[in-house]
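Letter by letter, the chains look like this.
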Amino acid sequence: MPPFTVPKQYHYLYAEVSADINPALPDSAGQPSFMLALINEKNNGKDYLYWTKRDRVLMTTNGYRRRQCNFVSTNDIFELNDYKKYDSLKFDVSLFRQGLPIHLKMKNLEAAIYGIK
């Protein structure tokens with residue numbers, strides 16, 4: 001997903017993320033996590049200011065099923081007042097895993113982002 005530019009007038013950012021995901025590994029350990037992050041993209045760089053990782057197994061809504069497609073969802077709210085000084089503040093949704101490869105199959109990724117003034 002391309003990063004979302006956070007308008008200066010927002011005081012809070014609320015995000016909901018969901019997807020259908022096939023496990024990357026046969027068991028629940030070491031699965032990739034969703035990472036929701038506030039980043040500063042000044043000068044085309046990525047300075048991660050704040051992030052939260054969401055365990056994909058714990059995000060499963062109907063109990064984690066090994067070697068099957070699982071529906072996952074999460075939400076979070078970000079307080080933005082401490083980040084007003086950044087001119088290139090972005091919100092980013094990505095996947096994170098220590099080490100490669102990820103070998104993940106995903107479909108129906110949906111991210112809803114709401115700004116609160």
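Located above this text is the structure these notes cover.
Residues numbered from 1 in each chain as written. Predicted model: local features only at pLDDT ≥ 70, side-chain atom pairs only at ≥ 80, totals over all residues. Heavy atoms only, no water.

Colleague: Now, about the environment of Y14: what can you tell me, with residues and values included?
Modeller: Inspection of the secondary structure puts Y14 in strand 2 (residues 12-22). Between the C-alpha atoms of Y14 and I113, which are 99 residues apart in sequence, the distance is 5.8 Å. Contact partners of Y14, with chain neighbours within four places excluded, come to N75, D76, I77, A112, I113 and Y114. (Helix = DSSP H or I, 4+ residues; strand = E, 2+ residues; numbered from the N terminus. Contact = heavy atoms within 4.5 Å.)

Colleague: Explain the packing of aromatic side chains to me, using residue names and the numbers behind them.
Modeller: Tallied over the full model, the rule gives 4 aromatic pairs. Here Y48 and W51 contribute two aromatic rings whose centre-to-centre distance is 6.4 Å and whose plane-to-plane angle is 90°, an arrangement assigned as edge-to-face. In this structure W51 comes out as partly exposed when scored by relative accessible area, which is 43%. Cluster of aromatic residues (ring-pair linked, three or more members): Y50, F78 and F91. (Phe/Tyr/Trp six-rings, centres within 6.5 Å; stacked < 30°, edge-to-face > 60°. Buried < 20%, exposed > 50% of the residue type's maximum accessible area, 1.4 Å probe, protein only.)

Colleague: Can you lay out the environment of F96 for me, pointing to particular residues and giving the numbers?
Modeller: Structurally, F96 is set in strand 6 (residues 89-96). The exposure class assigned to F96 is partly exposed, which follows from its relative accessible area of 26%. Sequence-wise, F96 and F34 are 62 residues apart; in three dimensions their C-alpha atoms are separated by 6.2 Å. In contact with F96, not counting residues within four places along its chain, are P32, S33, M35 and K53.

Colleague: Outline the nonpolar core, listing residues and values.
Modeller: In this structure, L13, L38, L80 and F91 are the most contacted members of the largest nonpolar core, which totals 18 residues. The set of elements that each furnish at least two residues to this core consists of strand 2, strand 3 (33-40), strand 5 (70-79) and strand 6. The greatest single-element share of this core, amounting to 5 residues, is contributed by strand 2. The residues contacting L80, other than those within four sequence positions of it, are V6, Y10, H11, Y12, L13, L38 and L89. (Core = buried A, V, L, I, M, F, W, Y, C linked by side-chain atoms within 4.5 Å.)

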